[in-house]
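Per-entry structural report
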Amino acid sequence: MLASDFQGSVLLDFLKTPVLSIQEFSLLVGRTIRNLPRRPHYGKDIILQMDIIGVGSLPIVLLTGFFSGVVMALQMSKALRTYGAVSQTGPIVAITLVRELGPVLTALVVAGRNASGMASELGSMKVTEQIDAMRALGTDPVQKLVKPRLIATCMMLPCLTAIADFVGITGGFMIAYFLLSLTASEYWNGAYRALDYQDIAEGMLKPFVFAIVISMVGCYYGLRTTGGTQGVGRATTQAVVVASVWIFVLTAFIAKIFITF
Amino acid sequence: MSTESVLRFDRVTVAFAGVPAIEDVSFEIRAGESRIILGAAASGKTVILKTAIGLLRPDAGRVFLFGKDISTMRERELFNVRARVGMLFQEGALFDSLTIEENVAYGLVNQKTLQCPEDEVRSRVEEALTFVELGHTLEKFPSELSGGMRRRVGIARANVTEPALVLYDSPTAGLDPITANNIMALIVKERDVRNATTVMVTQRFQDGMIMSKYHYNPRTESLELASLEGAAVQGIGFLVMREGRLVFEGTQEELQKSTDPYISRFIMRN
């Protein structure tokens, strides 16, 4: 009896921290969503964040998208040659990129770049009492700091994903045209015909969901930072790791939903 | 002197992870009065200030600000009450992405209850910065200023809205003695020019003495002893915190006469 009581209390202590984190995270998400229609909207901050997240991430997203298309075409061509189906390179590259690789790779790049940026920026503000000063001066930090980041990420990540998809398919075309001797119309027609509305819907829903995860996780870890500069470093790392893990978990869930229905 | 209660702590306890930072603290400040809260590091001084404006919630007891119980008030309601309070944070807490002008204007622009007309903002910011002798720094960023200058900008930001209550969190911490005295002179000047209710927490007994013994003479534009005998300015009280508990509340004379060994050590009297 005593042993089971002890085990119970150890389990309770073990679960306390993650349960508290989930509760605090849910409260932050709830407050942010409730604040979406409320004034003030801080339009300048939204534009600034769109510039940081969208324009700032563009070069690395282009690079990642292009080379994922290149690698996809190279790897697939080897397998497809065995069955004499090299002409199917376009459809395979298009479907894989639009449905899965484009959204996930773009989200991971943005998570690494911007979830960390949000966590470190807000974390620095927290440890230097700027968040308290903001509250003391009549501003809700959720309204001023979290809401613009959520809106900006939700607007920019789908755009970045669409760009990454297109650049990736173009990268695949380079390989198909120059190394696999496919004609341009063979590749592009195949890629175009392979995609249906459900693929596009899946490919656009995912970045929207990932955008919510990236921005909210980044802001959550930033706002709960404690312990000076060391705490800021810890918050930054946690934000990237947690956002990345959730991207993989959620992509599996969304893929399953689309496959089922 | 008015008898309106500005700030009242009623048996307030604030704890972090179950460990009390302040415990069973009670005191009251009336309009026009000043309090100097002395205490060693981690004695709960900053927690008192943050609890006073609702940045921290009490785990027990109640806090009354301008007669309103803010202990359970919602954050949005608190914004209206906080508009009547100015606060200087320990390291200034200036927004590093904003210019000095934007930092000082922040309260005027964002506190909706103040309803400051847009065309008045610039002149009021200039006035507040000139008061702390930093009128030339409008376009600079906080990172371009020294520690003492940042503290002075913090004083300007805390006072630009002409709040009824001003809270100063360790205004001289980490500054050299000359700069520290300049900062204290500005705080006394701000207090006397506007007759604002003032609460200052500090580790330095000397800061409390400047606050207590000196007043600002607008004719000579300098600080002067309130009385040649060294008596304190009226309405000034001292509180001493020790490990989260309020161990002394009284006047400067009572503080200096105290036989409590901790207080004696604190005011460096043998």
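As a reminder, the structure under discussion sits directly above these lines.
For the structure given in this document, a descriptive report is provided here. (Residues numbered from 1 in each chain as written. Chains lettered and ligands numbered in written order. Predicted model: local features only at pLDDT ≥ 70, side-chain atom pairs only at ≥ 80, totals over all residues. Heavy atoms only, no water.)

Before going further, it helps to spend a moment on the overall build of chain B. Scanning chain B from terminus to terminus reveals 9 helices and 12 strands. Taking the principal axes of its C-alpha atoms as reference, chain B extends roughly 55 × 45 × 35 Å. Residue burial in chain B is summarised as follows: out of 270 residues, 54% are buried. Long-range pairs, those at least 24 residues apart, make up 61% of the contacts in chain B with a sequence separation of at least 6. Within the structure as shown, chain B displays about 12,300 Å² of accessible surface, and the carbon and sulfur contribution to it stands at 48%. Computed over 32 positive and 36 negative side-chain charges, the inter-centroid distance for chain B is 4 Å. (Helix = DSSP H or I, 4+ residues; strand = E, 2+ residues; numbered from the N terminus. Buried < 20%, exposed > 50% of the residue type's maximum accessible area, 1.4 Å probe, protein only. Contact = heavy atoms within 4.5 Å. Areas by Shrake-Rupley, 256 points an atom, 1.4 Å probe, with all protein chains shown as cover. Lys, Arg positive; Asp, Glu negative; His and termini not counted. Charge placed at Lys NZ, Arg CZ, Asp CG, Glu CD.)

With that out of the way, let us pick up the pairing of strand E10 (residues 222-225) of chain B. Residues and elements named next belong to chain B. Strand direction decides the pairing type here: strand E9 (residues 214-217) and E10, joined by 4 bridges, are antiparallel. Bridged to Asn-217 within E10 is Ser-222. Hairpin geometry of E9 and E10 is characterised by an intervening segment of 4 residues between the two adjacent antiparallel strands and by a positive phi of about 55° at Glu-221. (Pairing = 2+ DSSP bridges.)

Below, the discussion takes up the interface of chain A and chain B. Every contact between the two is made by 17 residues of chain A and, on the other side, 21 residues of chain B. Both sides of the chain A and chain B interface together cover about 1,700 Å² of buried area, and 51% of this is carbon and sulfur. Of all residues in chain A, Glu-129, Arg-135 and Leu-137 of chain A bury the most surface against chain B, accounting for 38% of the area lost on that side. The tally of links from chain A across to chain B stands at 3 salt bridges. Lys-50 of chain B serves as the salt-bridge partner of Asp-132 of chain A, at 2.9 Å between the closest nitrogen and oxygen. Our count for the contact surface shared by chain A and chain B stands at 9 residue pairs in polar contact (both at pLDDT 80 or more). Looking at which element gives the most residues to the side of chain A that touches chain B, the answer is helix H4 (residues 130-136) of chain A, with 6 residues. Class assignment for the residues of the side of chain A that touches chain B results in 5 nonpolar, 6 polar and 6 charged. (Buried area = accessible area lost by both parts, 1.4 Å probe. Salt bridge = Lys/Arg side-chain N within 4 Å of Asp/Glu carboxyl O. Polar contact = N/O pair within 3.5 Å; in protein donor to acceptor, adjacent residues only side chain to side chain. Nonpolar A, V, L, I, M, F, W, Y, C, P; charged D, E, K, R; others polar.)

All names here are of chain B. Ordered in space as E2-E1-E4-E5, the 4 strands form an open sheet in which the pairing is antiparallel. The outermost strands of the open sheet, each flanked by one partner alone, are strand E2 (19-30) and strand E5 (68-69). Direction of pairing for strand E1 (residues 5-16) relative to strand E4 (residues 60-65): antiparallel, over a ladder of 5 bridges. Following the sheet pairing, Leu-7 is matched in E4 by Leu-65. Sheet contacts for helix H1 (residues 45-52): E1, E2 and E4; angle to E1, the most-contacted strand, approximately 120°. (Axes fitted to C-alpha atoms, helices over the stretch in contact; angles between N-to-C directions.)

Residue and element names in this part refer to chain A. A surface patch of nonpolar side chains, about 510 Å² in accessible area, is lined by Leu-74, Met-174, Tyr-177, Phe-178 and Leu-179. Residue contributions to the nonpolar patch peak at 3 residues, all from helix H5 (residues 141-178). Among the secondary structure elements, Leu-179 is positioned in the loop between H5 and helix H6 (184-194). Judged by relative accessible area, Leu-179 falls into the exposed class, the value being 55%. (Patch = residues over 30% accessible without salt bridge, like charges linked within 9 Å, V, L, I, M, F, W, Y side chains within 5 Å.)

All right, on to the packing of H5 of chain A against helix H7 (residues 197-223) of chain A then. All names here are of chain A. Between H5 and H7, the shortest axis-to-axis distance is 8 Å and the interhelical angle comes to 145°. The two elements H5 and H7 meet at a crossing, and its hand is right-handed. Along the contact surface, H5 presents Val-146, Arg-149, Leu-150, Thr-153, Cys-154, Leu-157, Pro-158, Thr-161 and Ala-162, while H7 presents Gly-203, Met-204, Pro-207, Phe-208, Phe-210, Ala-211, Ile-212, Ile-214, Ser-215, Met-216, Cys-219 and Leu-223. Looking at side-chain class alone, the contact of H5 with H7 contains 16 nonpolar, 4 polar and 1 charged residues. (Left-handed = near helix turned anticlockwise from the far one by under 90°.)

Any link to function would need more than the numbers given here.
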